[in-house]
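Residue strings, one per chain:
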Amino acid sequence: MKDAAPRAVLLSDYAPYPFEIDEVRLTFRLDPHATRVLARIAFRPNPAAEPSRTMRLDGEALKLLSALIDGEEVEPRLDDTGLTVDVPDGAFVWEAEVEISPADNTALEGLYMSNGMYCTQCEAEGFRKITYYPNRPDVMAPFHVRIDGEAPVLLSNGNPVHFGEAFAEWHDPWPKPAYLFALVAGDLVAHPDTFTTKSGLPVALNIYVRPGDEGKADYAMDALKRSMRWDEETYGREYDLDVFNIVAVDDFNMGAMENKGLNIFNSKYVLASPETATDRDYELIEGIIAHEYFHNWTGNRITCRDWFQLCLKEGLTVFRDREFTGDQRSHAVKRIDDVVMLRARQFREDNGPLSHPVRPSSYIEINNFYTATVYEKGAEVIGMLKRLVGDEAYHRALDLYFERHDGQACTVEDWLAVFQDATGRDLHAFSHWYTQSGTPRLRVLEEFEDGTYTLHFQQETPPTPGQDEKGPQVLPIAVGLLSPEGDEIVPTTLLEMTESEQSFTFEGLSEKPVPSLLRGFSAPVILDRATSTEERAFLLANDTDPFTKWEAGRALARDVLIRMVTDDAQPGPAYLDALERVARDDTLDPAFRSLALALPSDDDMAQALADGGVTPDPLRINAANRALNQKIAEHLSDVLPQIYEAMEVVGPYTPDPKAAGRRSLRQTALALMSRTDGGKRAARQFETADNMTEQMGAITCLVRIGEGADQLDAFFRQWDHDRLVLDKWFALQAGLAKPGDTADTMRRLTEHPNFDWKNPNRFRSVIGGIAGNHAGFHEPSGAVYEQVIDWLVRLDPLNPQTTARMTTMFETWHRYDTDRQEMIRAALGRLRATEGLSRDTGEMVARILG
Ligand code: ARG
Ligand code: ZN
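Note that the structure is predicted; figures quoted are calculated from it, not measured.

Quick notes on the rules
- Residues numbered from 1 in each chain as written.
- Chains lettered and ligands numbered in written order.
- Predicted model: local features only at pLDDT ≥ 70, side-chain atom pairs only at ≥ 80, totals over all residues.
- Helix = DSSP H or I, 4+ residues; strand = E, 2+ residues; numbered from the N terminus.
- Rg over C-alpha atoms; globule rule 2.2 N^0.38 Å.
- Buried ≥ 20, exposed ≤ 12 C-beta atoms within 10 Å, placed from the backbone.
- Contact = placed C-beta atoms within 7 Å.
- Pairing = 2+ DSSP bridges.
- UniProt positions renumbered as here; feature names shortened; annotations may be inferred.
- Core = buried A, V, L, I, M, F, W, Y, C linked by C-beta atoms within 7 Å.
- Expected span 1.5 Å × (residues − 1).
- Near = placed C-beta within 6 Å.
- Axes fitted to C-alpha atoms, helices over the stretch in contact; angles between N-to-C directions.
- Parallel < 35°, antiparallel > 145°, perpendicular 65-115°, else oblique.
- Left-handed = near helix turned anticlockwise from the far one by under 90°.
- pLDDT = per-residue confidence, 0-100.

A.B. asks: Outline the overall build of the chain, listing residues and values.
C.D. replies: On a plain count of helices and strands, the chain comes out with 27 helices and 31 strands. Since a compact globule built from 850 residues should have a radius of gyration of about 29 Å, the 27 Å found for the chain is in line with a globular shape. Dimensions of the chain, computed from the C-alpha atoms along their principal axes, are close to 85 × 65 × 60 Å. Counting every position in the chain, which comprises 850 residues, the buried fraction comes to 50%. Pairs at least 24 apart in sequence give 70% of the contacts found in the chain among residues at least 6 apart.

Laid out in structure tokens, this is it:
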């Protein structure tokens, strides 16, 4: 039966829940097809809410076996989304028994099974598939959980209370919302360690993996201990339970989940060995372990009042994990990586039909709002706040936040009030960053007269869905000035722009300076400034800020590529020489040099062209990218082999940032050389590589130039037993298929016996690989669009969340020519018309089509 149009949830409708909970006691009798869940919940009226004699509980796909209030049987009124029941005046105890079937739960939300192991995912609203409950984040309670089951490992949140033959009891003393509930049961192996908090409390740490994966958790454990120490040293936050458990699961819709005391991770972000994981994998593991751990304070001890406030925990926690990674590795490189990602995902989102504010005000399915805007732009907003108030005031405000709101479910207003109170600053204008969507365009003009240099700024945010009129944003603009000789004459200065148009002057200069604008990418805006190639090359050579230095090179490459696409121009010597200087500059960090030699992606170029009013042609963009790489390879033919030799890392593989940076530059050199040597060196590296970074690097170079068939076979035979490595094999081929071969490649990969489409990682390897293959995805016949839609139609009834997420591949459809637009519209229309389409996917398709 098809539902009527699902109703939107509105921020303005928020009302507190009429009841509070003193304690939740849950008993699970595990069975794959008939798990029994007994809940005993002590309710009492919430003094802050309207009194009510009926109680509403959320519940989905539950078989209610019995319901009691204060020991007396009751008859609740059941419907599709929960139940309503009459309740006594004052406090009462609700008891219910339900039956659920974890083995049939393919949506991977609630209690489900993965390789015979029971596990849960309750954020955002999965707990309602476990028992009837007020499934909202502002209802917090201590949980007591008993698990009856045969599995050797039985885990839940908090501290262990009792263990015995086929049962375990857990108690979590910290009141928490149900989205942080977790349960795991299975045949798992622990990787144990210990940590002593700075106040001397011992914590037992365990990372649980499947038998066979032991030995692949060392790095995650090391990252966890470093995260725990860092949060103590940087934010004064200590861990608060006797145990901290992490479990790796193969079937997971997202990256990981911060359940109190029992984090559950996509195994991709836990398991690593030198032979199976790349440097990039190690870095992601470190960052995600940190992210989930940091949620213990920013998310768990202080949580969100409602899901509109998601950025309160996610933006802040992303900001914290970025700081951590910067401290552990390199702030310069981390910032550049993050900006590349922000532009690729968040700017893309913010400039299309899915644009929404960091704090949305309405949703149909909340899982559709775990977006780059909430996470990444949410983190940018915190970065701006920190820059505006300064480091010391930022930490004072954070101390106040933890002191004032510990144990509470909060809003963005609470967060801003803490900053206002700690700093005395009026943040009303700044708060628009949370409510106004779209990426501001910042135009700059300059003027120099009588020793006075003036920067004239003008900002404008284009209309986005539901928001036609935009006001000015508060923009922290970090600026430095260089003399024409390349000396820094004005060090980084923060300009605070609050109006639509504003000018800033610098006095007493003897000659016209060269401005270095938006240092550190101090605000998430699109900077629009007509600049000469010479000036960009000058900044690439002389800027002292690593971000703007890199940005100058990126802008050069973008300008060159645009002219190649639109005018068939050839790259000029100014650009190639500037690049050569970077390549030869041994004083630069290798990881930075590697970033500076990389070109913008095809998708970035499509967006840049569309921004400039040119309809992007994916095939031309791809041809230009290949031609420019070829030119660079030829121009740098002397220096590349030298870099390749010099950056060799001798000795056994270690994932440390220094070695990883050298390998990254070495790989950039290899990729360029492969354009001119037919893949000779890459083939040799493939033979000798003793770690996945170099093996994967070599085979990537080969496949990109249309070689590597033998190596792909060899790789498959070597790794067909390792699911995470096999994901790479699938993703590589999908991501690098040539436009003319993409439809066939996709068919071949999806018909492959190892294409387990019900496993989200494997599905994303192929379909997500195609999404990242700009020219292949948009090949002119539209055959790839159709195949992608076929797969989304197939996956949706099983796993709506992953299906809905994958629809974002189409979010940029309005950029392209009318033929492609028509084909995408028709393909999405077919998805939309699918009988029984999920609410998740329905909402996404409707928004994308507009
Ligand atoms: N809170 C998790 C994290 O950011 C994300 C979980 C989201 N899951 C979901 N199904 N919406 O670490
Ligand atoms: Zn998070």
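What follows continues from the structure just given.
A.B. asks: Quick one: what's the story with the pairing of strand E9 (residues 92-100), residue by residue and with numbers?
C.D. replies: Remark: a regular strand shows side chains that alternate across the two faces of the sheet. Two strands pair when backbone bridges link them, and strand E3 (residues 35-45) and E9 are joined in this way by nine bridges, in the antiparallel orientation. Pairing of Thr35 across the sheet is with Ile100, part of E9. Summarising the sheet, strand E5 (residues 63-69) and E9 pair through six bridges and their orientation is antiparallel. The residue of E9 that forms the bridge with Ser66 is Glu97.

A.B. asks: Account for the UniProt feature "domain: Peptidase M1 alanyl aminopeptidase Ig-like fold" (unreviewed entry) in the chain, with residues named and values stated.
C.D. replies: Feature annotation in UniProt assigns "domain: Peptidase M1 alanyl aminopeptidase Ig-like fold" (unreviewed entry) to the following positions: residues 438-529. As a span, residues 438-529 carries 0% helix and 53% strand, and end to end its C-alpha atoms are 19 Å apart.

A.B. asks: Quick one: what's the story with the sheet that holds strand E20 (residues 256-257), residue by residue and with numbers?
C.D. replies: Read from one edge of the open sheet, five strands run E17-E18-E19-E21-E20, paired in mixed fashion. The open sheet has two free edges, formed respectively by strand E17 (189-196) and E20, since each of these has just one partner strand. Bridge analysis of E20 against strand E21 (residues 262-266) gives two bridges, and the strand direction is antiparallel. Note that in E21 the partner of Met257 across the bridge is Ile264.

A.B. asks: How would you sum up the UniProt feature "domain: Aminopeptidase N-like N-terminal" (unreviewed entry) in the chain? Please name residues and give values.
C.D. replies: Here the UniProt-annotated "domain: Aminopeptidase N-like N-terminal" (unreviewed entry) positions come out as residues 106-180. End C-alpha to end C-alpha, residues 106-180 measures 20 Å, and it is 0% helix and 51% strand.

A.B. asks: So what about the nonpolar core? Which residues, and what values?
C.D. replies: Residues Leu183, Val184, Ala220, Val247, Ile264, Val270 and Ile285 are the most contacted members of the largest nonpolar core, which totals 225 residues. The leading source of residues in this core is helix H10 (residues 546-567), at 10 residues. If sequence neighbours within four positions are ignored, Ile264 has contacts with Cys119, Gln121, Ala182, Val184, Val247, Val249, Ala256, Met257 and Asn259.

A.B. asks: Go over the environment of Val514, please, and point to the residues and values.
C.D. replies: Tracing the sequence through the fold places Val514 in strand E30 (residues 514-517). In this structure, the C-alpha to C-alpha distance between Val514 and Phe538, residues 24 residues apart in sequence, is 8.8 Å. Residues contacting Val514, with those up to four places away along its chain left out, are Leu482, Pro484, Glu535, Phe538 and Leu539.

A.B. asks: Before we move on, can you summarise helix H6 (residues 391-405) with the specific residues and values?
C.D. replies: Taking 1.5 Å per residue as the helical rise, H6 with its 15 residues ought to reach 21 Å, and the 21 Å between its terminal C-alpha atoms agrees with that figure. Packed against the buried residues of H6 are helix H1 (218-235), helix H5 (372-389) and helix H7 (412-423). Of the residues one or two after H6, Gly407 is the one with positive phi, at around 85°.

A.B. asks: How would you summarise the site of ligand 1 if you had to cite specific residues and measurements?
C.D. replies: The local shell around ligand 1 holds 14 residues, among which Glu123, Met254, Met257, Asn367 and Tyr370 are the closest. Breaking the shell around ligand 1 down by element, the ones donating at least two residues are E20 and helix H2 (279-294).

A.B. asks: Before we move on, can you summarise the packing of H2 against helix H3 (residues 310-328) with the specific residues and values?
C.D. replies: Viewed as axis vectors pointing N to C, H2 and H3 meet at an angle of 135°, and their least axial separation amounts to 9 Å. Between H2 and H3, the angle falls in the class oblique. Two packed elements cross with a definite hand, and for H2 against H3 that hand is right-handed. Of the residues in H3, those in contact with Glu286, Gly287, Ala290, His291 and Phe294 of H2 are Thr317, Val318, Arg320, Asp321, Phe324, Thr325 and Gln328.

A.B. asks: Quick rundown of the confidence of the model for the chain? Include the residues and the values.
C.D. replies: Per-residue confidence for the chain gives a mean pLDDT of 98; residues scoring 70 or more make up 100%. Overall fold confidence for the complex sits at a pTM of 0.99, while the interface term, ipTM, reaches 0.98.

A.B. asks: An account of the pairing of strand E16 (residues 183-186) is requested, with residue identities and associated values reported.
C.D. replies: Residue alternation in E16 divides its side chains into two sets, Leu183 and Ala185 and Val184 and Gly186, and both sets are buried. In terms of strand pairing, strand E13 (residues 153-156) meets E16 through four bridges, oriented antiparallel. Note that in E16 the partner of Leu154 across the bridge is Ala185.

A.B. asks: Tell me about the sheet that holds E5, residues and numbers included.
C.D. replies: Spatially, eight strands are ordered E6-E5-E9-E3-E2-E12-E15-E14 in an open sheet, and the strand pairing comes out mixed. The open sheet has two edge strands, strand E6 (72-73) and strand E14 (159-164), and neither has a second partner.

A.B. asks: Summarise the packing of helix H18 (residues 692-704) against helix H19 (residues 709-719); cite the residues concerned and give the values.
C.D. replies: It is the contact of H18 with H19, at a shortest axis distance of 9 Å, that shows an interaxial angle of 145°. Of the two possible hands of crossing, H18 and H19 adopt the one that is left-handed. Here Ile699, Leu702 and Val703 of H18 lie close against H19, whose contacting residues are Gln711, Leu712 and Phe715.

A.B. asks: Lay out the environment of Leu111 with the relevant residues and their values.
C.D. replies: Note that Leu111 resides in strand E10 (residues 110-114). The spacing of Leu111 and Thr35 is 76 residues in sequence and 9.5 Å in space, taken between C-alpha atoms. Once you skip the residues sitting within four places of it in the chain, Leu111 turns out to touch Thr35, Ile100, Pro102, Asn105, Tyr118, Thr120, Ile130 and Leu183.

A.B. asks: So what about unusual backbone geometry? Which residues, and what values?
C.D. replies: Each neighbour pair has its own omega, and for Glu123 with Ala124 the value is 0°, a cis peptide bond. Examined against the element boundaries, Ala124 turns out to sit in the loop between strand E11 (117-121) and strand E12 (141-148). Phi angles above zero are rare outside glycine, and Asn115 is one such case at about 50°. The residue Asn115 is located in the loop between E10 and E11 in this model.

A.B. asks: Lay out the environment of Asp80 with the relevant residues and their values.
C.D. replies: By the element assignment, Asp80 lies in the loop between strand E7 (77-79) and strand E8 (82-86). When the 9 C-beta atoms within 10 Å are taken as the criterion, Asp80 is described as exposed. Placed 19 residues apart in sequence, Asp80 and Ala61 show a C-alpha to C-alpha distance of 8.1 Å.

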